[in-house]
There are 2 protein chains.
Amino acid sequence: MVSGDAGRPVTIDDVATQAQVSRATVSRVMNGLATVDPAIAERVRRAVELLQYRPSETARSLSLGRTNTVAVLVPDLANPMFQSILRGVTRAAAEDGFRVLVGDTQETPDAERDAAIQARRRCDALVLCAPRMGETDLEAVLAAASPVAVVNRGIEAGAVPQVSMDYEQAIGLLVEHLVGLGHRHLVYAGGPPTSASNRLRGLGLDAALARRPDLRIDRVSVGSTLEDGFASAAQVLGTGASAVLAFNDLVALGLLSRLRELDVAVPERLSVVGVDDIPFARFSTPALTTVHVPQEALGVQAWRQLHQVMRGDGAPGPLWLEGSLEVRASTGPVPA
Amino acid sequence: MVSGDAGRPVTIDDVATQAQVSRATVSRVMNGLATVDPAIAERVRRAVELLQYRPSETARSLSLGRTNTVAVLVPDLANPMFQSILRGVTRAAAEDGFRVLVGDTQETPDAERDAAIQARRRCDALVLCAPRMGETDLEAVLAAASPVAVVNRGIEAGAVPQVSMDYEQAIGLLVEHLVGLGHRHLVYAGGPPTSASNRLRGLGLDAALARRPDLRIDRVSVGSTLEDGFASAAQVLGTGASAVLAFNDLVALGLLSRLRELDVAVPERLSVVGVDDIPFARFSTPALTTVHVPQEALGVQAWRQLHQVMRGDGAPGPLWLEGSLEVRASTGPVPA
DNA sequence: TTGTAGGCGTTATCAT
DNA sequence: ATGATAACGCCTACAA
């Protein structure tokens, strides 16, 4: 696709002619293959330089049967979470000489299946981030688009590489922290009902309740954005809880903003925690207590697992990444 | 790359055999080309369905001479600005049937040139976001990788599609706003010296000074991140200015966080403004006065211009997008 | 309307 | 060590 001065792309044939050798030799030089007479190799290199020859990746792909490209499909490119995962995959894949083709399904589960199959036609592998599609479609995609790695959607299938954040554990850390501060009545400001990661958080709450029967945890459905958090204040305060577990940091920060408007002192009257540890969490007022989630690592590990499968080194088991508690100023002792 | 049950990818030949027709006919049916006998077309479609045939995009690309893919190169995938641009390009390009290959040069100007040429080999076009490379390299890339669109780097070259944010105008809006509140001594917390957009902001300051000779604007070099803003408090306060213009919202919010720790009342003692209107600007304490920048539109317009050139409809002139003032709570009258 | 054959640019096999 | 030649999978004149 890169053209010379004439406008017509310069091909391997042009170089061969210029250097007075065969295409095969040019190819060998370009790929550093086999042993080529140094003098001839030099002649070829000069011709390459002279003509500004760049091999066609498309032709190479066709001949080699691989594109050295991996597709990453996310539900929403605007979500900081998926941006981080995308960055992780991009950087990790680059280390192995792979490029990334990005697809954004814009939160329309119906489009995911086709988008996945479609993306896969041009790439050697696929990373599926938090797919929203149904179980049946997902299985079909996993079969049709293999090799595929799945991020943040716990699935049963054994042979497919997958890496997920252990939100159940994350919630456990937060509940323990709050309990340690004396809180006994909590409220969970939940995320999208269809989200697999929201389900995991719910399991974390269940586990916490099982451990501490004296605990009360109300659950309200809020959403996943700053706006959702902002709008949830009344609902959250209505429960009378002394601490709120937000679905994520965005919700927590949105809520914090509204609480300040309402003159609800945090953490004196209400403790607030989030999940993710996005960069802003440290800079809010008050700074947000949260669980640090290695988002970019999710992408990195997804690629590593995928690459392992592509090399034929067998399928690794599901990988669960754990978070760590970041105690900041938004949590404090339960009000007397 | 999608394989049938046998493991071997199913090709157009397999379908032709199955449907008892020639490859050409299968191709025609797949592309809805020409007029094919309905009965035969149906036979082909059944064969396609039966064999789960998916044409090889690679082979199509080689034959057609285009990939229907555009590369987007950004200095840093972690920067919210570039994420928005990427999203804009991805969505706009998708409407025209194009996919996006993303590249992250990780803020290493030396890597940009090769990355650009490299990315372009697999794609039909290239979007260069705020390239950090030198003028010479840039011109070389523009020539070698055409068609290229450039975002947020004002360049002289006339024929290349480019769209940039008019930061000069943005700064003008902010200065006028502050002047209207009575401020006469401002400080600019500047961004990276090599950044073209930082230079534009400087021009905005110059223009404002030209309009209002009674104004004093100190300039300090701060950076572009939350951390940079946080760390700049002493430097900023040291100037004695009554209002600070931050390079962007990140810097402004980081500064806000630190000012709160220092018990410097905003806006009572110091007014603070940013640039970008990132989602958080609305939710900080106090909410940040800033200029709304249509970041995603930058990406959308870049694609539109690029696509126009690719269609041979001629090169559009440079496009400058303008921001709009968002007055919030972080600015107020100059202290008595 | 359908089929035949050549070409897209590269790599890889096999002679030489 | 080098050069023909045949893939790779698809599209598209051109011929029938």
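None of the values given here were measured: they were computed from a predicted structure.

### Side note on the relation of the copies chain B and chain A
Then, in step 1: Least-squares fitting of chain B to chain A yields an RMSD of 0.1 Å, with the superposition described by an axial translation of 0.0 Å and a rotation of 180 degrees. Those values place the two copies in the arrangement expected of a two-fold rotation axis. Minimal C-alpha distance to the rotation axis in chain B is attained by Leu101 of chain B, lying at 2.1 Å.
Then, in step 2: A share of 100% of interface residues in chain B that are also interface residues in chain A marks the association as one of identical surfaces.

### Re the packing of aromatic side chains
Then, in step 1: Summed over all chains, the structure comprises 5 aromatic pairs over all chains.
Then, in step 2: Judged by centre distance (3.8 Å) and plane angle (25 degrees), the rings of Phe280 of chain A and Phe280 of chain B are stacked. In this pair, Phe280 of chain A is assigned in the loop between strand 9 (271-273) and strand 10 (290-292) and Phe280 of chain B in the loop between strand 9 (271-273) and strand 10 (290-292), connecting two distinct chains. In this pair, the class of Phe280 of chain A matches that of Phe280 of chain B, namely buried.
Then, in step 3: The lysine or arginine in question, Arg201 of chain A, covers the ring of Phe247 of chain A, its NZ or CZ lying 4.0 Å from the ring centre.
Then, in step 4: Seen from the ring of Tyr167 of chain B, Arg201 of chain B lies directly overhead, with NZ or CZ sitting 4.0 Å from the centre.

### Brief notes about the protein's contact with DNA strand D
Then, in step 1: Near DNA strand D you find 26 residues, and of these Asp37 and Ile40 of chain A together with Ile12, Tyr53 and Arg60 of chain B are the closest.
Then, in step 2: Among the atoms of DNA strand D close to the protein, meaning within 4 Å, 68% are from sugar or phosphate groups.
Then, in step 3: Measuring from a phosphate oxygen of DNA strand D, one finds a backbone N or O atom of Asp37 of chain A at 2.7 Å.
Then, in step 4: The side chain of Ser63 of chain B places a nitrogen or oxygen atom 2.7 Å from a sugar or linking oxygen of DNA strand D.
Then, in step 5: Here the residues of the surface near DNA strand D sort into 12 nonpolar, 10 polar and 4 charged.

### Things to note about the sheet that holds strand 7 (residues 216-221) of chain A
Residue and element names in this part refer to chain A.
Then, in step 1: Here 4 strands make up an open sheet; going across it, the order is 7-6-8-9 and the pairing parallel. Each edge of the open sheet carries a strand with a single partner, namely strand 7 and strand 9. If you compare each strand with its neighbour and ignore which way they point, the axes differ by 20 degrees on average.
Then, in step 2: Taken together, the 3 bridges between strand 8 (residues 243-246) and strand 9 define a ladder with parallel strand orientation. Note on strand 9: the bridge partner recorded for Leu245 is Val273.
Then, in step 3: Against the sheet, helix 8 (residues 167-180) makes contact with strand 6 (185-190), strand 8 and strand 9, and its axis sits at roughly 170 degrees relative to strand 8, the strand it touches most.
Then, in step 4: Sheet contacts for helix 9 (residues 196-211): strand 6, strand 7 and strand 8; angle to strand 7, the most-contacted strand, approximately 165 degrees.

### Brief notes about the pairing of strand 6 of chain A
The side chains of a regular strand alternate between the sheet's two faces.
Residues and elements named next belong to chain A.
Then, in step 1: Burial analysis of strand 6 places 6 of its 6 residues in the buried class, the great majority of the element.
Then, in step 2: With burial as the criterion, each face of strand 6 is covered, one bearing His185, Val187 and Ala189 and the other bearing Leu186, Tyr188 and Gly190.
Then, in step 3: Relative to strand 7, strand 6 runs parallel, the two being bridged by 6 bridges. Along strand 7, the bridge assignment pairs Tyr188 with Arg219.

### A look at helix 12 (residues 249-261) of chain B
Residue and element names in this part refer to chain B.
Then, in step 1: With 13 residues, helix 12 should reach 18 Å at 1.5 Å per residue; the first-to-last C-alpha distance of 18 Å fits that figure.
Then, in step 2: Burial analysis of helix 12 places 10 of its 13 residues in the buried class, which makes it a mostly covered element.
Then, in step 3: Every buried residue of helix 12 is accounted for by Asp249, Leu250, Val251, Ala252, Leu253, Gly254, Leu255, Leu256, Ser257 and Leu259.
Then, in step 4: By the N-cap criterion, in which a side-chain oxygen at the helix start approaches the backbone nitrogen of a residue two or three places on, helix 12 is capped by Asn248, the distance to Leu250 being 3.1 Å.
Then, in step 5: Once helix 12 ends, the next one or two residues include Asp263, with phi positive near 60 degrees.

### Looking at unusual backbone geometry
Peptide bonds are, in most cases, trans, and in most cases residues other than glycine have a negative phi.
Then, in step 1: Put simply, Val266 of chain B and Pro267 of chain B share a cis peptide bond, and its omega is 10 degrees.
Then, in step 2: With respect to the helices, strands and loops of the structure, Pro267 of chain B is situated in the loop between helix 12 and strand 9.
Then, in step 3: In this model, Thr285 of chain B is joined to Pro286 of chain B through a cis peptide bond whose omega is -10 degrees.
Then, in step 4: Its location among the elements puts Pro286 of chain B in the loop between strand 9 and strand 10.
Then, in step 5: The phi angle at Gln52 of chain A is positive, at roughly 55 degrees, despite the residue not being glycine.
Then, in step 6: For Gln52 of chain A, the location among the structural elements is in the loop between helix 3 (38-51) and helix 4 (57-64).
Then, in step 7: With a phi angle near 55 degrees, Asn68 of chain A is a residue other than glycine that sits in the positive phi range.

### Considerations on the state of the cysteines
Then, in step 1: The tally for this structure, following the rule as stated, stands at 0 disulfides over all chains.
Then, in step 2: Free cysteine: Cys129 of chain A, not disulfide-bonded; nearest cysteine sulfur from Cys123 of chain A at 14 Å.
Then, in step 3: Looking at Cys129 of chain A, the relative accessible area reads 2%, which means it is buried.
Then, in step 4: Not part of a disulfide, Cys123 of chain B finds its nearest cysteine sulfur in Cys123 of chain A, a span of 10 Å.

### Quick word on the protein's contact with DNA strand C
Then, in step 1: Neighbouring DNA strand C are 26 residues; Ile12, Tyr53, Arg60 and Ser63 of chain A together with Ile40 of chain B lie closest to it.
Then, in step 2: Between DNA strand C and the protein, one listed contact pairs a phosphate oxygen with a backbone N or O atom of Ile12 of chain A at 2.4 Å.
Then, in step 3: Within the backbone of Asp37 of chain B, one N or O atom sits 2.6 Å away from a phosphate oxygen of DNA strand C.
Then, in step 4: Of all the elements in the fold, those that place two or more residues in the surface near DNA strand C are helix 2 (23-30) and helix 4 of chain A together with helix 2 (23-30) and helix 4 (57-64) of chain B.
Then, in step 5: Its residues placed into classes, the surface near DNA strand C shows 12 nonpolar, 9 polar and 5 charged.

### A look at the environment of Arg45 of chain B
Then, in step 1: Residue placement: Arg45 of chain B occurs in helix 3 (residues 38-51).
Then, in step 2: Arg45 of chain B sits in the partly exposed class, given a relative accessible area of 44%.

Rules used in this analysis
Residues numbered from 1 in each chain as written. Chains lettered and ligands numbered in written order. Predicted model: local features only at pLDDT ≥ 70, side-chain atom pairs only at ≥ 80, totals over all residues. Heavy atoms only, no water. Least-squares fit on C-alpha atoms with pLDDT ≥ 70 in both. Contact = heavy atoms within 4.5 Å. Phe/Tyr/Trp six-rings, centres within 6.5 Å; stacked < 30°, edge-to-face > 60°. Helix = DSSP H or I, 4+ residues; strand = E, 2+ residues; numbered from the N terminus. Buried < 20%, exposed > 50% of the residue type's maximum accessible area, 1.4 Å probe, protein only. Lys NZ or Arg CZ within 6 Å of the ring centre and 35° of its normal. Near = heavy atom within 4 Å. Polar contact = N/O pair within 3.5 Å; in protein donor to acceptor, adjacent residues only side chain to side chain. Nonpolar A, V, L, I, M, F, W, Y, C, P; charged D, E, K, R; others polar. Pairing = 2+ DSSP bridges. Axes fitted to C-alpha atoms, helices over the stretch in contact; angles between N-to-C directions. Expected span 1.5 Å × (residues − 1). Disulfide = S-S within 2.5 Å.

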